[in-house]
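# Per-entry structural report
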Amino acid sequence: MEQKIFKNATENHKTTAKEFLEELGLALKDYFECTVQEENDALFVKLIGGQNFRLSVNEA
């Protein structure tokens, strides 16, 4: 499996929580049949089976 290095994952760039959340939303769409909506620093994910999730990211 080929490993990808994202442009924001280099040592020189500090990724913000918002940027990380945006990339996470894109990745979720690749693995699940879902809709993803970003609101107020959170992702709202709705799976086709009806389950709903709210995901938020904070830098630790």
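Here, the structure is the one placed above.
Position numbers for residues count from 1 along each chain, tracking the sequence in the order it is written. Note on the predicted model: pLDDT of at least 70 is required for a residue's local features to be given, and 80 or more for side-chain atom pairs to be given and counted; whole-chain, interface and lining totals, by contrast, use all residues. In computing side-chain values, all of the structure's heavy atoms are included and hydrogens and water are not.

Another point: the environment of R54. Numbering of helices and strands starts at the N terminus; helices are DSSP runs of H or I of at least 4 residues and strands are runs of E of at least 2. Residue position: R54 is located in strand β3 (residues 52–56). Sequence separation between R54 and L43 is eleven residues; the distance between their C-alpha atoms is 5.6 Å. When sequence neighbours within four positions are dropped, the list of residues in contact with R54 reads A42, L43 and F44. The contact rule is simple, with two residues in contact once any of their heavy atoms fall within 4.5 Å.

For the rest of this paragraph, the subject is the pattern of salt bridges. Each salt bridge in this description consists of a side-chain nitrogen of Lys or Arg and a carboxyl oxygen of Asp or Glu lying within 4 Å of one another. Evaluation of the coordinates by the stated rule reveals three salt bridges. K18 is paired through a salt bridge with E22; the nearest N and O atoms lie 3.5 Å apart. Linking K18 with E22, this pair stays in helix α1 (residues 17–31), spanning four residues, or about one helical turn. Accessibility expressed as a relative area gives 44% for K18, which makes it partly exposed. Throughout this description, buried means an accessible area under 20% of the type-specific maximum (1.4 Å probe, protein chains only), exposed means over 50%, and partly exposed covers the range between. With a relative accessible area of 38%, E22 lands in the partly exposed category. The shortest N-O distance in the salt bridge between K18 and E38 comes to 2.9 Å. Here E38 lies in strand β1 (residues 34–39) and K18 lies in helix α1, a separation of 20 residues in the sequence. Taking relative accessible area as the criterion, E38 reaches 34% and is therefore assigned partly exposed. A cluster of three or more residues bridged by salt bridges with shared partners is formed by K18, E22 and E38.

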